Amino acid sequence: MQDYVLGHSKRELRRLMLQADNLRPITTRLLREIGLAPGMRVVDLGCGAGDVAMLAAEIVGACGAVVAIDRNAAAIAMARDRARAAGHANIEFVEGDASEMIGPGNFDLAIGRYVLVHQSDPVALIRAAVTHLRPGGVVAFHEVFLLGTWWSFPMVPLWENTGDLISKTFRSVVTYPDAGARMVELFHKAGVRSPRLFSETPVGGSPDSPLYAWAAETLRTLLPRAEEIGLAAPGEIDIDRLEIHLRQAVTGAHAQIGFAHQHCGWSRV
Ligand SMILES: C[S@@+](CC[C@H](N)C(=O)[O-])C[C@H]1O[C@@H](n2cnc3c(N)ncnc32)[C@H](O)[C@@H]1O
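Conventions and cut-offs
- Residues numbered from 1 in each chain as written.
- Predicted model: local features only at pLDDT ≥ 70, side-chain atom pairs only at ≥ 80, totals over all residues.
- Heavy atoms only, no water.
- Helix = DSSP H or I, 4+ residues; strand = E, 2+ residues; numbered from the N terminus.
- Rg over C-alpha atoms; globule rule 2.2 N^0.38 Å.
- Buried < 20%, exposed > 50% of the residue type's maximum accessible area, 1.4 Å probe, protein only.
- Areas by Shrake-Rupley, 256 points an atom, 1.4 Å probe, with all protein chains shown as cover.
- Lys, Arg positive; Asp, Glu negative; His and termini not counted.
- Charge placed at Lys NZ, Arg CZ, Asp CG, Glu CD.
- UniProt positions renumbered as here; feature names shortened; annotations may be inferred.
- Contact = heavy atoms within 4.5 Å.
- Near = heavy atom within 4 Å.
- Polar contact = N/O pair within 3.5 Å; in protein donor to acceptor, adjacent residues only side chain to side chain.

By the naming in an unreviewed UniProt entry, the chain goes by Methyltransferase domain-containing protein and is assigned to Bradyrhizobium brasilense.

A. View of the overall build of the chain. When helices and strands are counted, the chain shows 8 helices and 10 strands. The C-alpha atoms of the chain give 18 Å as radius of gyration, which agrees with the globular expectation for 269 residues (18 Å, within 12%). Projected onto its principal axes, the C-alpha positions of the chain cover 50 × 40 × 30 Å. When the 269 residues of the chain are sorted by exposure, 53% land in the buried category. Surface exposure of the chain reaches about 11600 Å², of which carbon and sulfur atoms provide 53%. The positive charge centre, built from 26 side chains, and the negative charge centre, built from 29, are 5 Å apart in the chain.

B. Expanded view of the UniProt feature "domain: Methyltransferase" (unreviewed entry) in the chain. Taking the UniProt record as the reference, the feature "domain: Methyltransferase" (unreviewed entry) is found at residues 38-143. Between the C-alpha atoms that bound residues 38-143 the distance is 25 Å, and the span itself is 30% helix and 32% strand.

C. A look at the environment of Gln256. Mapped onto the fold, Gln256 is located in strand β9 (residues 256-258). In this structure Gln256 comes out as partly exposed when scored by relative accessible area, which is 46%. Residues Gln256 and Gly204, 52 residues apart in the sequence, show an inter-C-alpha distance of 5.8 Å. With residues near it in sequence (within four places) discarded, Gln256 still touches Trp151, Ser152, Phe153 and Gly204.

D. Looking closely at the site of the ligand. Surrounding the ligand, one finds 17 residues, the nearest of these being Gly46, Asp70, Ala98, Arg113 and Gln119. In the model, a nitrogen atom of the ligand is placed 3.2 Å from a nitrogen or oxygen of the Arg71 main chain. Within the side chain of Gln119, one N or O atom sits 2.7 Å away from a nitrogen atom of the ligand. For the ligand, whose free accessible area comes to 600 Å², the fraction covered by protein is 99%.

Given below as structure tokens:
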């Protein structure tokens, strides 16, 4: 099993929530295109702080059900607390490795977000996902593509360098940084029909864009690793003020900025 490199500190789980706010419209599009509807049964693989599970629970409603799996106890505890506070009685949380769980074959949807990139064997996770599904059920993933560049026009070096540092540090610790762009291949290897796909890129540039905080908090998580492998000198990056500096640099240049590409794919079994 590959360790989950970003950890599960309270701060990192809060970052997952901030990230989830940014990803919600894209995941919602995925759920809409799949045709998720009231009464359906969903399994969320690698639920983290529980955001995809709660999004699905809102759609399937009280007569539907969601099972959310994570191999980390702190993530499960936080996701369970949040779901309870939000009044979701239709989510069950299970601690364990989703790659090793054989499902009952009666779910309508098995979904994972930002989870294939963290697998040493993403094909094993897709195969395990399929065991949860009834015939005609859907397996789906929303993944970040970590090999693309973060662009800015006019160019803002601080934005592009921050993106570069995040991407390079990720690539040094995950086995499949390109999993989001290999879904056709990975689904094929798992014996699943070729997926339907779409991609979206979060873009910004206004002073109130959430991308500055998302980038700064992501780098905060990764900075110790970046310094450890020599991608950043200790103390070189003022991480506590990075969000402010990014906002100032981008708005001062009247620039439009692009974040990491988001790839979504799904297939009916
Ligand atoms: C980047 S987080 C994403 C969380 C959530 N899906 C979201 O988008 O907000 C990835 C989560 O997947 C979990 N995870 C990774 N591989 C897993 C596996 N094979 N089985 C269960 N959980 C896994 C990690 O513990 C972590 O909490």
